[in-house]
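Read off the chains here:
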Amino acid sequence: MSINELLLRYIEFAERYYVKDGKPTKELVCMKEAMRPLRTLFGELSAQEFGPLKLKAVRQHMIDAGLSRGVINQRVNRIKRILKWGVSEELLPAAVHEGVRTVAGLRFGRSAARETEPVGPVADQWVDAVVLHVAPQVATMIELQRFTGMRPGEVVKMRPCDIDRTNDVWLYEPYDHKNRWRGHRRRIPLGPKAQTLIQPFLNRPGDDFLFSPQEAEGHRNTQRAVHRDPNRKTKIYPCELRAQEARKVQSRSRRSKRPKGQRYTSDSYRRAIAYGIAQANRSHRKAVPAKMEVPSWHPNQLRHSFATRVRKDFGVEAAQVGLGHARTDVVEVYAEKNLELAAKVARLTG
């Protein structure tokens, strides 16, 4: 069996395995990306002949392509996973997987692979600047992430039925989250500040999403109508009409042809923040031309801000629990203890 034949067999398996709610997950795309250099260099090679030196050649191909060290290590690990699957299906001898296991990941500063800047927290001043220029739904999601440290994929999926409002600290348990496939539960405490934020969005059926792009679009249209000046008395010159028409044409070309969804996705949430950053910078340039512009930032940096603050005030354990980092060797009793600590943090911070 050649490498190409092995990869075709694995894709058939992966298209059934990497599925959530009837749709392929991003992991399937990542697996196919990892396969490309392997197929390019050794597609015709017998899979039984693949070994550590050939895996290193694939890795070097990725380095030459300019990929970062972290991405390269992830893709090499996926190739190892493919070979392990081949052994489990008795398509390859066990020696193939045992051989590639000896190839260690690239270490910081010890390879020619490109290094990336670590993701850090975003300063409160840049977050505050953006909150003023986005829809209330997006602004609320931003503030919720600041107070709770939840993931972008968790905040966009909030529904009233997922929030236990029995006690003074509410508990939000997403119906879907990063570690659900491992059988782990994810419960996010919502303190007084977080409760105040989401209160205006709870007046809907229990299984509806709190933050709707359709509602955000309606809010933006209302604001446009409010900002028009109905009492204008000066003459509208032809050049102004032409400029307005040009802006409309440009806006229509940019506008998505798809209807707005019932809820945000992680990508649409990120794009909404990018829009807010652009609007904030445009506003700053009009008001104070020399004022420093808001740097680009993304939703995951809000988690870093939360972790930095909580670790400083409450310790490493509180930050770990607040972020929902899973530990497979943690017993249920310890998880309950962690939840109590997280609730205490929520009362004081969120």
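Whatever comes next refers back to the structure up there.
What you are looking at is a predicted structure, and each value in this text was computed from that prediction instead of being measured.

J.: Give a detailed account of the environment of glutamate 143, specifying residues and quantitative values.
T.: As for its position among the elements, glutamate 143 is in helix H7 (residues 136-148). Residues glutamate 143 and lysine 193, 50 residues apart in the sequence, show an inter-C-alpha distance of 9.3 Å. Ignoring any residue separated from it by four or fewer positions in sequence, one finds glutamate 143 in contact with Val131 and Leu197.

J.: Lay out the packing of helix H2 (residues 26-42) against helix H3 (residues 52-64) in plain terms, naming residues and giving numbers.
T.: Close contact between H2 and H3 brings their axes to 10 Å; oriented N to C, the two are set at 115 degrees. Read as a crossing pair, H2 and H3 show a hand that is right-handed. Touching Ala34, Pro37, Leu38, Leu41 and Phe42 of H2 are Lys54, Ala57, Val58, His61 and Met62, all from H3. Looking at the contact of H2 with H3 residue by residue, the classes come out as eight nonpolar, one polar and one charged.

J.: Go over the sheet that holds strand S5 (residues 188-190), please, and point to the residues and values.
T.: The strand order across the open sheet formed by three strands is S3-S4-S5, and the pairing between neighbours is antiparallel. Lying at the two open borders of the sheet, with one neighbouring strand each, are strand S3 (163-164) and S5. Judged from the three bridges that link them, strand S4 (residues 170-172) and S5 form a sheet pairing that is antiparallel. If you follow tryptophan 170 over to S5, its bridge partner there is leucine 190.

J.: Tell me about H2, and please be specific about residues and values.
T.: Helical geometry: 3.6 residues make up each α-helical turn, so side chains three or four residues apart lie on a common side. Across its 17 residues, H2 extends 25 Å between first and last C-alpha, which sits within 8% of the 24 Å expected from 1.5 Å per residue. The largest bend along H2 reaches roughly 30 degrees and is located at methionine 35, with the proline proline 37 sitting one to four residues downstream. Those residues of H2 lying buried are Glu27, Leu28, Met31, Ala34, Met35, Pro37, Leu38 and Phe42.

J.: So what's going on with the packing of aromatic side chains? Residues and values would help.
T.: In this structure the tally under the stated criterion is eight aromatic pairs. Between the aromatic rings of phenylalanine 13 and tryptophan 85, the centroid separation amounts to 5.5 Å while the plane-to-plane angle is 25 degrees, which identifies the pairing as stacked. Here the residue phenylalanine 13 occupies a position in helix H1 (residues 3-17), and tryptophan 85 occupies one in helix H4 (residues 69-88), the gap between them amounting to 72 residues. Judged by its relative accessible area of 13%, tryptophan 85 is buried. With centroids separated by 5.9 Å and ring planes inclined at 75 degrees, the aromatic side chains of phenylalanine 42 and phenylalanine 50 adopt a geometry described as edge-to-face. Both residues of the pair, phenylalanine 42 and phenylalanine 50, belong to the buried class. An aromatic cluster is built from Tyr10, Phe13, Tyr17, Tyr18 and Trp85, whose rings are joined through pairwise contacts. If you follow arginine 165 out to its NZ or CZ, it ends over the ring of tryptophan 170, 5.8 Å from the centre.

J.: Could you give me a rundown of the pattern of salt bridges, with the residues and numbers involved?
T.: Within the structure shown, the criterion is met by 14 salt bridges. Where arginine 146 meets glutamate 143, a salt bridge forms, and the shortest distance between an N and an O atom there is 3.1 Å. Pair noted here: arginine 146 and glutamate 143 are both in helix H7, with a separation of three residues, about one helical turn. The partner of arginine 270 in a salt bridge is aspartate 267, and the shortest N-O contact between them spans 3.7 Å. Of the two residues, arginine 270 and aspartate 267 are both situated in helix H12 (residues 266-287); the distance of three residues between them amounts to about one turn of the helix. For arginine 270, a relative accessible area of 38% translates into the label partly exposed. Note on aspartate 267: relative accessible area 33%, which makes it partly exposed. A single salt-bridge network, built from bridges that share partners, covers Asp124, Asp128, Glu143 and Arg146.

About the cut-offs
Residues numbered from 1 in each chain as written. Predicted model: local features only at pLDDT ≥ 70, side-chain atom pairs only at ≥ 80, totals over all residues. Heavy atoms only, no water. Helix = DSSP H or I, 4+ residues; strand = E, 2+ residues; numbered from the N terminus. Contact = heavy atoms within 4.5 Å. Axes fitted to C-alpha atoms, helices over the stretch in contact; angles between N-to-C directions. Left-handed = near helix turned anticlockwise from the far one by under 90°. Nonpolar A, V, L, I, M, F, W, Y, C, P; charged D, E, K, R; others polar. Pairing = 2+ DSSP bridges. Expected span 1.5 Å × (residues − 1). Bend = angle between axes of the 7 residues up to and from the residue. Buried < 20%, exposed > 50% of the residue type's maximum accessible area, 1.4 Å probe, protein only. Phe/Tyr/Trp six-rings, centres within 6.5 Å; stacked < 30°, edge-to-face > 60°. Lys NZ or Arg CZ within 6 Å of the ring centre and 35° of its normal. Salt bridge = Lys/Arg side-chain N within 4 Å of Asp/Glu carboxyl O.

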